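# Structural description and commentary
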Amino acid sequence: MRRMKVRKESEDKQMDNYEKVLLHDREMFLREDLEAVLRRTGLALVQEGRYAAVPMPDEVYLADCRTGIICRSSDPLEKVDVHTQLLIMHYLIYSRETARISGRELPFREIKGVGHFEAAFLREVEPLLKSAFAGRLDAFREAGRKLQGEPAAYGDASVKLHIFPNIPVTYILFEGDDEFPMNINILFDEAVTHCIHPEDVPVVGEYGAKALVRAAEIW
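Now for a look at the structure at hand. Being a predicted model, the structure only gives us computed values, none of them experimental. (Residues numbered from 1 in each chain as written. Predicted model: local features only at pLDDT ≥ 70, side-chain atom pairs only at ≥ 80, totals over all residues. Heavy atoms only, no water.)

### Overview of the sheet that holds strand β7 (residues 157-164)
Condition: Paired strands, as defined in this entry, are two strands with at least two bridges between them according to DSSP. Labels follow the DSSP assignment, with helices taken as runs of H or I lasting at least four residues and strands as runs of E lasting at least two, numbered in each case from the N terminus. Here, two residues are considered to be in contact whenever any of their heavy atoms come within 4.5 Å of each other. Every angle, taken between N-to-C directions, lies between 0 and 180 degrees, and every axis is a line fitted to C-alpha atoms, over only the stretch in contact when it is a helix.
With respect to topology, five strands assemble into an open sheet ordered β5-β9-β8-β7-β6, the strand pairing being antiparallel. The sheet is open, and its two borders are formed by β5 (105-107) and β6 (150-151), each paired with just one other strand. As paired elements, β5 and strand β9 (residues 183-189) share three bridges and run antiparallel to each other. Along β9, the bridge assignment pairs proline 107 with leucine 187. Lying on the sheet, helix α4 (residues 118-133) is in contact with β8 (167-174) and β9; it crosses β9 at an angle near 125 degrees.

### Thoughts on the environment of proline 57
We count it as follows: For every residue, the accessible area obtained with a 1.4 Å probe (protein chains only) is divided by the maximum for its type, and the residue is called buried under 20%, exposed over 50%, and partly exposed between those limits.
Relative to the helices and strands, proline 57 resides in the loop between β2 (51-56) and β3 (59-64). By relative accessible area, which is 5% here, proline 57 ends up buried. Sequence spacing of proline 57 and proline 165 is 108 residues, and the spatial spacing of their C-alpha atoms is 9.8 Å. Ignoring anything within four residues of it in the chain, the contact list for proline 57 reads Leu147, Gln148, Leu161, His162, Ile163 and Tyr207.

Function cannot be inferred from these measures alone, as they are strictly geometric.
Right under this line is the structure:
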């Protein structure tokens with residue numbers, strides 16, 4: 001019982017820290033030149049300029065240009081979890097003037113400045129995709145279509161998702177057999193770290209993987 005209480009207190013403290021970071025990031029966003037943010041991120045204003053619309057595979061989010069608060073366009077009253085808010089805010093504030101889609105795709109380990117996150121990233125994402133799509137490639141393809149993904153010419157099934165307008169991520173499945181398990185590869189655009197903080201690159205990849213799994217469960 002005491003152990004559970006300590007764990008709960010630790011989780012609450014961590015969540016409080018995330019909320020503090022989010023408040024700080026909102027302040028950074030509100031100090032930014034809005035036109036520069038829109039130019040760097042490829043976003044547009046909606047609702048008479050009050051919101052920056054942030055399209056993601058499973059939802060269009062709205063960032064309030066007066067408060068920095070983020071809501072869902074499909075249900076503005078539903079609370080957006082703090083991790084998604086942080087990811088969106090980091091896209092808004094950390095995109096550089098050089099942000100772009102280079103067109104050159106690289107595996108995680110070859111992206112400059114993020115390779116040391118690879119082991120942790122794969123531990124999170126590979127089991128998620130394998131458990132959802134092993135023996136279910138059609139479900140994977142359908143999930144990609146639901147998320148407006150583009151079929152890609154890799155592996156036995158692959159889909160490219162635009163997690164943000166300037167951040168495409170390609171998910172590739174190689175179907176296993178009796179001798180070898182399913183293999184997974186994930187490719188990022190070479191310029192991804194021009195578009196978001198390097199520490200957010202694995203979060204971007206995980207977001208897309210979870211979106212695929214959720215879409216497949218709905219199907």
